[in-house]
Amino acid sequence: MNQHQEHDIDTELKAVTQVLSHYFDGLYHSDTRLLAAVFHSKAHYVCATEGTLLYRDMDEYFLIVDKRPSPASRKELRQDRIVSIEFAGPVTAIARVECAIGEKFFTDLLTLIFIDRKWQIMSKVFHYERLDLSV
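Sequence positions are assigned chain by chain, starting from 1 and proceeding in written order. Residues qualify for local features only when their pLDDT is at least 70, as the model is predicted, and side-chain atom pairs are given and counted only at 80 or more; totals for whole chains, interfaces and linings, by contrast, use all residues. Note that the side-chain values use all heavy atoms of the structure and ignore hydrogens as well as water.

*Asks:* Honestly, empty space enclosed by the protein in this entry has me stumped. Any pointers?
*Replies:* A water-sized probe, rolled over the atoms, reveals where empty space remains. Here a cavity denotes grid points, spaced 1 Å and computed from the protein atoms alone, that fit a 1.4 Å probe unable to get out, and a pocket denotes an open set having protein on both sides within 12 Å along at least 5 of 7 lines; residues with an atom within 4 Å of a point are the lining. Grid points are joined across faces, edges and corners, and a volume is the space filled by probe spheres set on the points. This structure, assessed with the given rule, holds one cavity of 30 Å³ or more. Each pocket or cavity is described by its volume, and for the largest cavity that value is around 60 Å³. Think of it this way: any DSSP run of H or I at least four residues long counts as a helix, any run of E at least two long counts as a strand, and we number them from the N terminus. Elements that contribute at least two residues to the lining of the largest cavity include exactly α1 (3-29) and β4 (92-101). In this count, Pro and Cys sit with the nonpolar residues alongside Ala, Val, Leu, Ile, Met, Phe, Trp and Tyr, while Asp, Glu, Lys and Arg are called charged and the others, Gly among them, polar. Looking at the lining of the largest cavity residue by residue, the classes come out as seven nonpolar, one polar and two charged.

This is the structure:
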């Protein structure tokens, strides 16, 4: 790999990391304007943790986020981190991230695409565990 290719990977990694940072900020503050900036308008929101398929489009998802009190307003300890980012090519990436909201600890698998001159989340497939907050 030559120096130019290495720089491109570093640049793209920084760009994806920035999208994920905004994603975490949007979740923590329940800020759907920020989330709309990082999700593609046709993105998918999918979970099967409870044994049935939960599927939402972005309009449905954002309505729920708008209605819930933000973790920031509840003064929750912020617990988000990027576990990994892997590129499948120059315009496709997958990120494994973790975060906590209320009594749930989430593992999100986010697929991202580079379209319209920016990285955007195209799908959010996730699993969650319930936290024991009584401790």
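So, next bit.
*Asks:* Sorry if this is basic, but what is going on with the sheet that holds β4 here?
*Replies:* Consider a sheet: its strands pair through backbone hydrogen bonds, and that pairing is either parallel or antiparallel. As summarised here, the arrangement of the six strands in space is β2-β1-β6-β5-β4-β3, forming an open sheet in which the pairing is mixed. Among the strands making up the open sheet, the edge pair consists of β2 (54-56) and β3 (80-89). Taken pair by pair, the neighbouring strands of this sheet meet at an average axis angle of 15 degrees, ignoring direction. Whether two residues are in contact is decided by their heavy atoms: any pair within 4.5 Å suffices. To obtain each axis, a line is fitted to C-alpha atoms, and for helices this fit is confined to the stretch in contact; angles are then taken between N-to-C directions over 0 to 180 degrees. Docked against the sheet, helix α3 (residues 58-67) engages β1 (39-47), β2 and β6 (118-130), running at close to 75 degrees with respect to β1. Any two strands with at least two DSSP bridges between them are considered paired.

*Asks:* Before we go on, may I ask you to explain the side chain of E76 in this structure?
*Replies:* Among the structural elements, E76 can be located in the loop between α3 and β3. Apart from residues lying up to four places away in sequence, E76 is in contact with Y28, P71, A100, I101 and G102.

*Asks:* Please explain the side chain of K124 as it appears in this structure.
*Replies:* If you trace the backbone, K124 turns up in strand β6. The buried category is assigned to K124, whose relative accessible area is 5%. Think of a polar contact as two N or O atoms within 3.5 Å of one another; within protein, one of them needs to be a possible hydrogen donor and the other a possible acceptor, and neighboring residues in sequence only count if both atoms come from side chains. In terms of polar contacts, K124 uses its side chain to reach the side chain of Y23, at 3.0 Å. Discounting residues that sit within four places of it in the chain, K124 has contacts with Y23, L27, F39, H44, Y45, V46, Y61, D108, L109 and L110. Categorising residues by exposure relies on relative accessible area from a 1.4 Å probe, with only protein chains included: less than 20% of the type maximum marks a residue as buried, more than 50% marks it as exposed, and the intermediate range marks it as partly exposed.

*Asks:* Looking at this structure, I do not really get the pattern of salt bridges. What am I missing?
*Replies:* Two side chains of opposite charge can pair, provided their charged atoms sit close to one another. Each reported salt bridge corresponds to a side-chain nitrogen of Lys or Arg within 4 Å of a carboxyl oxygen of Asp or Glu. In the structure shown here, the tally under the stated rule is seven salt bridges. Note that R74 and E76 form a salt bridge whose closest N and O atoms lie 2.5 Å from each other. Overall, R74 belongs to the partly exposed group, its relative accessible area being 38%. Using a relative accessible area of 18% as the deciding quantity, one classes E76 as buried.

*Asks:* Explanation requested: the layout of surface pockets in the structure shown.
*Replies:* By volume, the largest pocket amounts to about 400 Å³. Only β1, β2, α3, β4, β5 (104-115) and β6 provide two or more residues apiece to the lining of the largest pocket. In the lining of the largest pocket, the residues fall into eleven nonpolar, three polar and eight charged.

*Asks:* What's the story with α3 in this structure? I'm lost.
*Replies:* One turn of the α-helix equals 3.6 residues, which is why residues spaced by three or four share an orientation. Those residues of α3 lying buried are M58, Y61, F62 and V65. End-on, the buried residues of α3 take up no more than an arc of 95 degrees, which puts them together on one face. When the buried face of α3 is taken as reference, the exposed residues oriented beyond 90 degrees from it are D59, L63 and K67. Two to three positions downstream of the cap, the backbone nitrogen of D59 sits 3.1 Å from a side-chain oxygen, assigning the N-cap of α3 to D57. An arc is given here, and it is the one of the directions from the helix axis to the C-beta atoms.

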